[in-house]
Structures are given as C-alpha cells and as structure tokens.
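Architecture and fold: a report
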Amino acid sequence: MLLARFIFDNLAANGYNIKVGRLARNDYRKEALFFMSATALIGAQWGDEGKGKTIDILAAKADMVVRAQGGSNAGHTVVYGDSTYKLRLIPSGILYPDTVCVVGNGTVISPAVILKEIDDLTSRGVSMKNLKIDARAHVIIPYHVEIDKLSELARGKEDIGTTKNGIGPCYMDKAERIGIRMCDLIKPDVFREKLKRNIEIKNKIITAVYGGEPVDFESTYKDYCEYAKRLAPFVTDTSVLVYNAIKAGKDVLFEGAQGTLLDLDVGTYPFVTSSHPTAGGFCEGSGIGPTLIDDVIGVGKAYTTRVGKGPFPTELDDETGDYIRRVGAEYGVTTGRARRCGWLDAVILKFSVRVNGLTKLAINKLDTLTGIKTLKICVAYEKNGETVYDFPTDISELEGCKPVYIDMPGWTEDITHAKSFDELPENAKAYIERVEKEVGCPVTMVGVGPDREQNLNR
C-alpha cells in the first residue's frame, strides 16, 4: 500500500490527474496507458447469473459498453424502479443516453430481432443515437433458424437443447467462410449474390437431409433489404471506436453473455454455445488485444443453475430445488424455460477464476437462499473413490462425479433492505466469506434483490 501511495503521489506531482486509479475523464494532459479503465464482466457459471443487473450498475459509470459474442440466444433483465427491460442483443448501457453501446464483430445478428428491440426501446423513450454495430458481425438468415430447428429435431433424445434461433448454424457459416456480414447486408448487390449462392446450398440441406421446406429467396431478399436500410446508419468499424476509447482513458465495460461453462472450447462440450463467453472472447469479439483489458469481473449466483441438457453435479431434484426456482424466478429471459437449480458449486467458480483470470466476483441472489435452514457448498467431487478438486475436461467424467459438500448455517432475516455488507446476518456474511476462501477470488459485490439498488459493495 505504501509503494502504491508513493507511485500515485509522484504521478500526481508530475502532472497526472489520478482518479480512483484511473485517468480522470476529459483531462489527458499526460497519457498513462497503464491506468486504463477497461473492465470485462463475464458469467462465471452456466449463464443466467444475473449479469444484466451487475452490468447495469457498472454501465452507469461507463462511457462505452461492448457486447462481443453470441446473439439473441442470450438475454439480460434489468430492473429499475417500476420498469423492467429485457435485452437480447443491445448492450445494457443503452439505458444511459450518453453511453456508447457497441455490438461487436464477434456477435451474430438477427436483423428482425435487433430491430424489434430497437423499436421496443424507442417506444419507451430510450434513445438509439449511440448504438453502433460492427460491419464484420455476421447476419442470421432464415435458413440458419430452419437448420437449427431441423437438426435439433433430428438428434432426438441426443439433442443439445439450443434456443433454435439459428446461432450455431450462423457461426458454422462463419467458420466455413461463407457467412454474410453486416457490411454485405447493407450493399444490395453484394448481398443478393451471396444470399442466392447460400440459399441454393442451404435448401439442398434443408430438403434432402432433413426433409424440410425450402427458404424462398425473393421474399428473404426483399425483407432483408428493408432491414438493411434501417440498420445501415448503425454500422461502422467498432474496433476503432473501442480502441480509441480505451486509449483516451474512457471507462469501457465489456458486457458478457451466457457463461464460462458454455464456452465452445473450455465449457461442458457439446452442451455449450457456439462462441466464447470467456474473458478471452472479448478480445477476439471486439477487435482489441488482451493487454487493453485491465479488470475481469465474474458474476455468479449464490447457488447454481443450468438450462438444457448436460451433467449438473449439485442439481436438486427435490423441494429445495423447487423452492430456489420459485423464489429466484428461475426462468429464461429469452426462452421462458424453467432452469435446473442446485447448491453452489465452488469447483465451477474456481474453474472460472482460472480460465478467465478473474480479479473480482459479484455474487447475486443471496436473498433467494433466505429461509433455508442448512445451506451446502460443493467444494470438490468424488469420482471412483478419489477426491477431485479441479473441474473435469470431459463431461463423461463429470457425469460420474458426486459433490463433496460442506454445510453452512442459513438465516431467516429479510436481507433485501440491507444497505451494506455489514448489515447482513452473520450467517449470510459467513457464507460469502467461505465462497471467497474456496474459490480464491474476492467477492466485491453482493446482490440481495433484483433492483439495481439492491446491491452491496465490499
């Protein structure tokens, strides 16, 4: 601390304007790039961790909010006062009129979905003047949605549990290098040529492989040209915007979608999404280098949930699981599907700390656990008589793992009106402190209700 103070004092004495470890806004007499204010916020579990609220809290202080991966298969719910906003593609910072909101190159965009979102927000008085969409973001076409639905149906009992929004097939085209990007969509001649070629190929797959109905070229082209006219004003090179904002010392927040265990590479494959909702995904999906991000916050719940299929060691298929689901309103923003609920899995959180390089944790929905007499935290797995402390690489190994629990005493006091961490019951504070100990990362934010005001900073 003394060394840090010495450095801060000397920088201030030499002309730097220091403000909470950052260059103050609008005062760049000297440029200190190591005081960047770029913060990445990711889901530390299987998604649905309440990132929307945490993002909204941080977005209030941000100059720019960036969405870098995924598509309309993700959803954030932001509650403020009597108003609830359900966002799917547009970053949560859109609720602040002076915040630039970026939909980065790593996303896949359904024009119909994002335009509906724009219209809904505009009708509620939310300005779109600062919405920016990267020209390299890929576009979801009706054949992606059709193939997504048909392929899931063909898998039968082996289905993955996708949202059937065409996300995976769109990323497949991106990897195959036949995808259509926003920069193509807004050029009618280029779009027509690429769409015609792709529809010919995709219709063969839809009809011959899956026995489905072909996608009509003319109606699709007409609809998407109309979408393009409306979206064109938002399209730009957002990589430049993000880089320049960070370099200028602006507060930039990278908004995560889904969660670490849904990452295509390090998640519970194949029950994963088609992109990278980890800290590294922000770099590729927004077109900047890793050294430009200086803080990584992981968001988790005080318990664990999962949507869709796949192993879930701490799942509670009993009254307690039903209680958590009911009290926590555990239903998907985008799909409405009931989420599977279970005890907090610290093995998962420790894994997230490692693969994301987390610097902080935000734990939401602590209030949901109120009234449960004895709480459990999974600190390891038991597999074939051995104790496993690290998250397995293969889900076939995870399927055979049994949770090793520690018991924690619960609390009955209403914590939703707490204004500070110290106001929490001793058992609630002990629960959070034990989570910190088990995962090796400080918990700096604790959520005690859905409203953004119901958040305790530590």
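Predicted model, so just to flag it, every value in this text is computed and none were measured. (Residues numbered from 1 in each chain as written. Predicted model: local features only at pLDDT ≥ 70, side-chain atom pairs only at ≥ 80, totals over all residues. Heavy atoms only, no water.)

Side chains that are nonpolar tend, in soluble globular proteins, to be buried together. If you look at the biggest cluster of nonpolar residues, it comprises 56 residues, and the most contacted ones within it are Phe-254, Leu-366, Leu-369, Ile-377, Leu-424 and Tyr-431. Looking at which element gives the most residues to this core, the answer is helix α14 (residues 426-439), with 5 residues. The residues touching Ile-377, leaving out its near neighbours within four places in the chain, are Leu-344, Ala-346, Val-404, Tyr-405, Ile-406, Met-408, Tyr-431, Arg-434 and Val-435. The next biggest cluster of nonpolar side chains, apart from the first, holds 40 residues, and it includes Ile-94, Ile-114, Val-139 and Ile-206. (Core = buried A, V, L, I, M, F, W, Y, C linked by side-chain atoms within 4.5 Å. Buried < 20%, exposed > 50% of the residue type's maximum accessible area, 1.4 Å probe, protein only. Helix = DSSP H or I, 4+ residues; strand = E, 2+ residues; numbered from the N terminus. Contact = heavy atoms within 4.5 Å.)

Relative to the assigned elements, Ala-135 resides in the loop between β9 (131-134) and β10 (138-139). Sequence separation between Ala-135 and Val-103 is 32 residues, and the spatial gap between their C-alpha atoms is 9.7 Å. Those residues within four positions of Ala-135 in sequence are excluded, and the remaining contacts are Arg-181, Met-182, Cys-183, Val-235 and Thr-236.

A complete count under the given rule lists 2 cavities of 30 Å³ or more for this structure. The computed volume of the second largest cavity comes to approximately 30 Å³. (1 Å grid on protein atoms, 1.4 Å probe; cavity = no way out; pocket = protein on both sides within 12 Å on 5 of 7 lines; lining within 4 Å. Points joined across faces, edges and corners; volume = space filled by probe spheres on them.)

What follows deals with the pairing of strand β4 (residues 64-67). Across the two faces of β4 the burial is the same, with Met-64 and Val-66 and Val-65 and Arg-67 all buried. Examined bridge by bridge, β4 and strand β7 (residues 100-103) share 4 bridges and lie parallel to one another. Bridge assignment links Val-65 to a residue of β7, and that residue is Cys-101. Note: β4 against strand β12 (residues 251-255), 4 bridges, orientation parallel. Paired with Val-66 across the bridge in β12 is Phe-254. (Pairing = 2+ DSSP bridges.)

Let us look at unusual backbone geometry. With omega at 10°, the peptide bond leading from Tyr-269 into Pro-270 counts as cis. Positionally, Pro-270 belongs in the loop between β12 and α10 (279-286). The phi dihedral of Arg-177 is positive, around 65°, even though this residue is not glycine. Following the sequence through the fold, Arg-177 ends up in the loop between α5 (167-176) and α6 (182-185). On the basis of relative accessibility, which here comes to 73%, the residue Arg-177 falls in the exposed class. The phi dihedral of Ala-329 is positive, around 50°, even though this residue is not glycine. On the secondary structure map, Ala-329 appears in the loop between α11 (319-327) and β15 (340-342). A relative accessible area of 49% means that Ala-329 is categorised as partly exposed.

This part is about α5. Within α5, the full set of buried residues consists of Ile-167, Gly-168, Pro-169, Cys-170, Tyr-171 and Asp-173. Just past α5, the residue Arg-177 takes up positive phi, approximately 65°.

Turning our eyes to something else, we now look at the side chain of Thr-370. Within the secondary structure layout, Thr-370 lies in the loop between β17 (360-364) and β18 (374-383). Side chain to side chain, Thr-370 and Trp-411 meet in a polar contact 2.9 Å long. Contact partners of Thr-370, with chain neighbours within four places excluded, come to Tyr-323, Trp-411, Thr-412, Glu-413 and Ile-415. (Polar contact = N/O pair within 3.5 Å; in protein donor to acceptor, adjacent residues only side chain to side chain.)

The strand order across the open sheet built from 10 strands is β11-β9-β7-β4-β12-β3-β13-β17-β21-β22, with neighbouring strands paired in mixed fashion. Each end of this open sheet is capped by a strand with a single partner; those strands are β11 (235-236) and β22 (455-457). Both strand β3 (residues 37-43) and β12 contribute to a ladder of 5 bridges, which runs parallel. Bridging from a neighbouring strand, Ala-38 pairs with Val-252 of β12.

Before going further, it helps to examine the confidence of the model for the protein. Of the residues in the protein, 91% have a pLDDT of 70 or more, and the chain-wide mean is 89. Predicted confidence is poor over residues 1-36, with pLDDT under 50, and the contacts of this stretch with residues over four places away or in other chains come to 45 contacts. (pLDDT = per-residue confidence, 0-100.)

Okay, the pattern of salt bridges next. The final tally for this structure, using the stated rule, is 22 salt bridges. A salt bridge links Glu-330 to Arg-339; its shortest N-O distance comes to 2.7 Å. Measuring nitrogen to oxygen at the nearest pair gives 2.9 Å for the salt bridge that ties Lys-429 to Glu-426. Taken together, the positions of Lys-429 and Glu-426, both in helix α14 and 3 residues apart, correspond to about one turn of that helix. For Lys-429, a relative accessible area of 12% puts it in the buried group. Beyond isolated ion pairs, a larger network of salt bridges with shared partners links Asp-48, Lys-301, Glu-330, Arg-339 and Lys-365. (Salt bridge = Lys/Arg side-chain N within 4 Å of Asp/Glu carboxyl O.)

This part covers the packing of aromatic side chains. This structure, assessed with the given rule, holds 8 aromatic pairs. Between the aromatic rings of Tyr-224 and Tyr-227, the centroid separation amounts to 5.0 Å while the plane-to-plane angle is 70°, which identifies the pairing as edge-to-face. Of this pair, Tyr-224 and Tyr-227 both sit in helix α8 (residues 217-231), 3 residues apart, which is roughly one turn of the helix. Taking relative accessible area as the criterion, Tyr-227 reaches 23% and is therefore assigned partly exposed. What links up through ring pairs into an aromatic cluster is the set Phe-191, Phe-217, Tyr-221, Tyr-224 and Tyr-227. Stacked on the ring of Tyr-85, the Lys or Arg Arg-124 has its end atom at 4.1 Å from the ring centre. Lying across the ring of Tyr-221, Arg-192 places its NZ or CZ 4.8 Å from the centre. (Phe/Tyr/Trp six-rings, centres within 6.5 Å; stacked < 30°, edge-to-face > 60°. Lys NZ or Arg CZ within 6 Å of the ring centre and 35° of its normal.)

All chains considered together, the criterion is met by 0 disulfides. Looking at the unpaired Cys-341, the closest cysteine sulfur is the one in Cys-378, lying at 16 Å. The class of Cys-341 is buried, set by a relative accessible area of 0%. Of all cysteine sulfurs in the structure, the one in Cys-401 sits closest to Cys-378, which takes part in no disulfide; the separation is 9.0 Å. In this structure Cys-378 comes out as buried when scored by relative accessible area, which is 0%. (Disulfide = S-S within 2.5 Å.)

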